[in-house]
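Coordinate analysis (summary)
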Amino acid sequence: METNKEEQLEWGPTVWSHLTALRDRSPLIQCITNFVSMDLVANTLLSAGASPAMIHSIQEFSDFTPHIDALYVNVGTLSPDWLPSMKAAALLANEHRKPWVLDPVAAGSSQFRLNACLELLLLKPTVIRGNASEIIALSQAGIDMGPTKGVDSCHESMDAVEAAKFLAEASGSIVAVSGAVDIICSIKSITHGDRLVFVHNGVPMLQKITATGCAVTALIAAFVAAADPLHAFDATVSALSVFAIAGEMGMELAKGPASLRMHLIDSLYGLDQPALLSHINITG
Amino acid sequence: METNKEEQLEWGPTVWSHLTALRDRSPLIQCITNFVSMDLVANTLLSAGASPAMIHSIQEFSDFTPHIDALYVNVGTLSPDWLPSMKAAALLANEHRKPWVLDPVAAGSSQFRLNACLELLLLKPTVIRGNASEIIALSQAGIDMGPTKGVDSCHESMDAVEAAKFLAEASGSIVAVSGAVDIICSIKSITHGDRLVFVHNGVPMLQKITATGCAVTALIAAFVAAADPLHAFDATVSALSVFAIAGEMGMELAKGPASLRMHLIDSLYGLDQPALLSHINITG
Amino acid sequence: METNKEEQLEWGPTVWSHLTALRDRSPLIQCITNFVSMDLVANTLLSAGASPAMIHSIQEFSDFTPHIDALYVNVGTLSPDWLPSMKAAALLANEHRKPWVLDPVAAGSSQFRLNACLELLLLKPTVIRGNASEIIALSQAGIDMGPTKGVDSCHESMDAVEAAKFLAEASGSIVAVSGAVDIICSIKSITHGDRLVFVHNGVPMLQKITATGCAVTALIAAFVAAADPLHAFDATVSALSVFAIAGEMGMELAKGPASLRMHLIDSLYGLDQPALLSHINITG
C-alpha cells in the first residue's frame, strides 16, 4: 500500500508528542481485564510509562475510580459476576469524566458475550478496539450472525472498514480495528468529526502471542489518559502505531513468538524519537 | 535406557505428520484451566499452530462449545464455582463428539480435589495427563492414601506404570504420565487396544518452570483435535514428544528456567522435520 | 550511603546459608495471591528452590494447609469472596505453627482493601512486606489518609522508616519496606527484639516489571519456611537481598524490563556464593 510521505511527516511529531506526554504524566489506568492478559497488559503499561492497577471489586470503586486517569475494560474471560463490575466502573468513569476503553474480545462467540458487549457499548466507551471479526460481530448485532472462531479473527482488518464506520456512527465512540493494517475511525463525532486513518506498522507474528490485542487496547487507554480529551483520536492512532513499531523493532531480534514478546516490551520501553520517525507508517 | 532404532524410524514420520496436521488445521481449543497457567497454555497452543479460547462461563457453552475442536480441562486452581463449568463443558464435548483432555493437577492434595477429579473421570476424558504422584493418587482413590506434596511429583514417572495401566483400564481413557520418561498407555481400549509407549525426550529444568505440565496437556488436546479419532493415542505420544524436543532444543540456548521457557516456545514454533527426526526418542 | 564492610562480612555467610537451606529443604509454599502475579510468583519460588502451590479454595485447607511449610497471602486483586479464604488459611497456618507472610498490595487504595489488610494483620503475620506507600497507609489506618496512587508507591522507602517501626511494634510482625533501599525492622519482638536493617541492593528498573513486589514477598515466605523460627528476621533480610542481587545481575544482561525479568529469574536460579558475596550490601 502506498503511503503519503507528507502524512507521515505530520504524524511523526504527533505520535512522539503523545508518547512523551504518556511518559511524563504516568497516568493511572484501572484495568478490568481477562486472566490470560493481566501479566502482559500490566507489563505493557509499565514499559510505556503508565501505572496499571488491576482492581475489579465493586466495593473499591467509589474510593478508587475517581482518582484514575482512564479505565480499561476487557471481556476476555467474562463471567456473570464480573459484568456488573465492568458496568459500574464504566459508569463511574463517565461520571468523573475519565476516558474509558473497551476491548470486546470474541464478541461474537456467544449471545451472552455479545449482549454483555452491547450493554457496555451503551455506556459510551471513548474507544472500542477489536479485531475484524469482533468489530463485524458488534456492528451486525441484532442481525443474525454466523459463529466466529474463538478469539482469533477470521476476517482481514480491511474487510471491517464499513463495519467500523457503522459502529463508530452508532456508538459515537472512536473505533479501532487491529490487523495487518490497523483502522481507526470516528463518524459524525461531536468531538472528533469524521476521520479514517490507517496504521501500516506491525508484524504477523504478533498474532502468535496471546493477549497482544488486549495489551494494545490497554495502551490506547494510557495514551488517551495522557492526552487532551479533544485529541483522543490522535492518541488512539499513536498507541496503535507505537505498539506496532515496537513489534517491528522486536521482530528484528526475535527467533519466535516468545522472544518477540520480550523484545517488543523492551523496545516499547526504549523507543526513542529517531526509531519512531524512521518506522512510522500512517495514512489516511 | 536403550532405544530401538527401528521404532524411532517408525515414530519420526508419525509425529511429524501429527504436527503438520495441527499446523494445517489450526484447531480451536476451549481451555478451562488454572490462573497460573493461562498465559503459558495460550502461548504454547499458539506457537504450535492451534487457536486457544479461555472460555469458562457456563452461559457461553451452548453457543460456543459445539464449534470447538477439543476441550481442555485443568483443575489447578480449582474452586467450587468452576467445577460445574468443567463438567458441563465435558458433557457438551462428549455430546458433540469432540475429544477432551483432563489435567488432574495435584489430584491427591485434598479430598475435595480428588472427588472433583473422579467426577470428571466419570465423564470419560479422551486423555488424562498427570505427573506420577497425580496418576498414582487417582489410581488409588478409594484406597487410603498419604498426602502428596503440592503440585510437584514426589514419585518418578516409572513408579507410575502400574498405576497408569490400572487407571487406563478403569477409565477407558488414554493415560499419560509425565516425568524423566513420559509414559503413555491404553488398556483394553475399544479404539486403541493395549498400548504402552515411552517418550525419552525432555530436560529436568522443565520442572523449574511453572505450568509446563499444564502446557503439554493443552498441547495433547491440540494434537488430538487435529487427528483422526482412531489415532488419538499416537497424537498423544506426538504431543509429549514434540513438547519435550522443544524443551531439549530450548535448553541448548537457555541459561536458566526463564530463558528456557522462552526458547522452548520459540523452538516449538520453529520446529522442523530434520530437528524433530534427529531428537526423537520413543520406545515401546 | 556508606556501608560498613564488617557488617557485610557478617551478612554474607548468613544470607548464603539461608539460600542453601532453602535449596536443600525445598519448602512447600501455599500461595493465595493476585491473578497478575501468579506466574511470576510461581516461577520465582521454583527458581529459588521452593515448591509453590496456588490453592485458594477453603474446601481444601483442612487437608492441605497442615502439610505446608509456609503460607503467602497477597491482596492484589482482592474480592470479597477471596478474603474469607485468606483469613481461614492464616488461622490454620497459625494453628499448625507455620509462618505466614502478608503482602498488603495497594493497602491505601480503598477502605475495603484497608479493612481487609487490618483484619489480616490481626491474624499476626510473621512478616509484612510492602512498598513505602502501603506501609505508611497501614501505620496510619484509623487516621485520615489521603488517596495513594494505585499499586505503585508515591513515597521513597526511607520515608517509611518511622511507619515501619510503628507497624512492627503495633503488629508484632517483622516489617519490610521495599524501595531504593529495603528496610527490615522488628520492634520489641519477643522473638527478634529490636532490629533495623537496610538492604542497598537492587535496580530501579524492577519497578517497571509487574509483580516483582509480589514475587519478593513470596520469596520471603520461602526463606522463612526454610529457616529456624528464631531466625525469621535474618531469613527476611536474606530473601530481600538475594532477590535484589539477582536483579542487579540480571540488569547486566537486560535491554529493558522484559529481558530483565527473564535474566532476574535465571540469575536467581544460578546464584552462587562468589556472586552473592561480591554483590551483597547490607547495613544497620
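What counts as what
- Residues numbered from 1 in each chain as written.
- Chains lettered and ligands numbered in written order.
- Predicted model: local features only at pLDDT ≥ 70, side-chain atom pairs only at ≥ 80, totals over all residues.
- Heavy atoms only, no water.
- Pairing = 2+ DSSP bridges.
- Helix = DSSP H or I, 4+ residues; strand = E, 2+ residues; numbered from the N terminus.
- Least-squares fit on C-alpha atoms with pLDDT ≥ 70 in both.
- Expected span 1.5 Å × (residues − 1).
- Buried < 20%, exposed > 50% of the residue type's maximum accessible area, 1.4 Å probe, protein only.
- Axes fitted to C-alpha atoms, helices over the stretch in contact; angles between N-to-C directions.
- Parallel < 35°, antiparallel > 145°, perpendicular 65-115°, else oblique.
- Contact = heavy atoms within 4.5 Å.
- Nonpolar A, V, L, I, M, F, W, Y, C, P; charged D, E, K, R; others polar.
- Right-handed = clockwise from strand over helix to strand, strands pointing away.
- Salt bridge = Lys/Arg side-chain N within 4 Å of Asp/Glu carboxyl O.

**Describing the sheet that holds strand S2 (residues 51-53) of chain A**
All names here are of chain A. Within the open sheet, the nine strands sit side by side as S2-S1-S3-S4-S5-S6-S7-S8-S9. Their pairing is mixed. Sheet topology places S2 and strand S9 (282-283) at the edges, where each strand pairs with a single neighbour. Two strands pair when backbone bridges link them, and strand S3 (residues 70-74) and strand S4 (residues 100-103) are joined in this way by four bridges, in the parallel orientation. When the bridges of S4 are listed, Tyr72 appears paired with Val101.

**Thoughts on the relation of the copies chain A and chain B**
Mapping chain A onto chain B calls for a screw motion: a turn of 120° about the axis and a shift of 0.0 Å along it, with 0.0 Å RMSD after fitting. Within this description, the copies of the chain are treated as partners about a three-fold rotation axis. When C-alpha positions in chain A are compared against the rotation axis, the closest is assigned to Phe35 of chain A, at 3.8 Å.

**Re helix H8 (residues 212-226) of chain B**
For H8 of chain B, with 15 residues, the first-to-last C-alpha span of 21 Å sits near the 21 Å given by 1.5 Å per residue. Among the 15 residues in H8 of chain B, 14 count as buried, and that is most of the element.

**Section: the environment of Ile190 of chain C**
Residue and element names in this part refer to chain C. Tracing the backbone through its elements, the reader meets Ile190 in the loop between strand S7 (182-189) and strand S8 (193-199). Overall, the relative accessible area of 88% leaves Ile190 in the exposed class. Sequence-wise, Ile190 and Ala215 are 25 residues apart; in three dimensions their C-alpha atoms are separated by 28 Å.

**Comments concerning the packing of helix H10 (residues 257-270) of chain A against helix H10 (residues 257-270) of chain C**
The relative placement of two packed helices comes down to the angle between their axes together with the axis-to-axis distance. Close contact between H10 of chain A and H10 of chain C brings their axes to 6 Å; oriented N to C, the two are set at 130°. The orientation of H10 of chain A relative to H10 of chain C falls into the category oblique. Here H10 of chain A contributes Met262, Ile265, Asp266 and Tyr269 of chain A to the contact with H10 of chain C, which in turn contributes Pro257, Ala258, Ser259 and Met262 of chain C. Its residues assigned to classes, the contact of H10 of chain A with H10 of chain C comprises six nonpolar, one polar and one charged.

**Things to note about the pairing of strand S4 (residues 100-103) of chain B**
All names here are of chain B. Burial along S4 is two-sided: the face carrying Trp100 and Leu102 and the face carrying Val101 and Asp103 are both buried. Viewed along the sheet, the connection from strand S3 (residues 70-74) through helix H4 (residues 83-95) into S4 turns out right-handed. Bridge analysis of S4 against strand S5 (residues 127-131) gives two bridges, and the strand direction is parallel. Each residue of the ladder has a partner; that of Leu102, found in S5, is Ile128. With helix H5 (residues 111-121) bridging S4 and the parallel S5, this β-α-β connection has right-handed handedness.

**Observations regarding the pattern of salt bridges**
For the structure on display, the rule yields 24 salt bridges over all chains. Here Asp39 of chain A and Arg261 of chain C are joined by a salt bridge, their closest N and O atoms 2.7 Å apart. Linking Asp39 of chain A in helix H2 (residues 38-48) with Arg261 of chain C in helix H10, this pair reaches from one chain into another. Comparing Asp39 of chain A with Arg261 of chain C, the two get one shared label, buried. Between Glu119 of chain C and Lys87 of chain C there is a salt bridge whose closest N-O contact spans 2.3 Å. Within this pair, whereas Glu119 of chain C is found in helix H5 (residues 111-121), its partner Lys87 of chain C is found in helix H4 (residues 83-95), the two being separated by 32 residues in sequence. According to the relative accessible area criterion, Glu119 of chain C is partly exposed, its value standing at 31%. Lys87 of chain C gets classed as partly exposed once you look at its relative accessible area, which sits at 27%.

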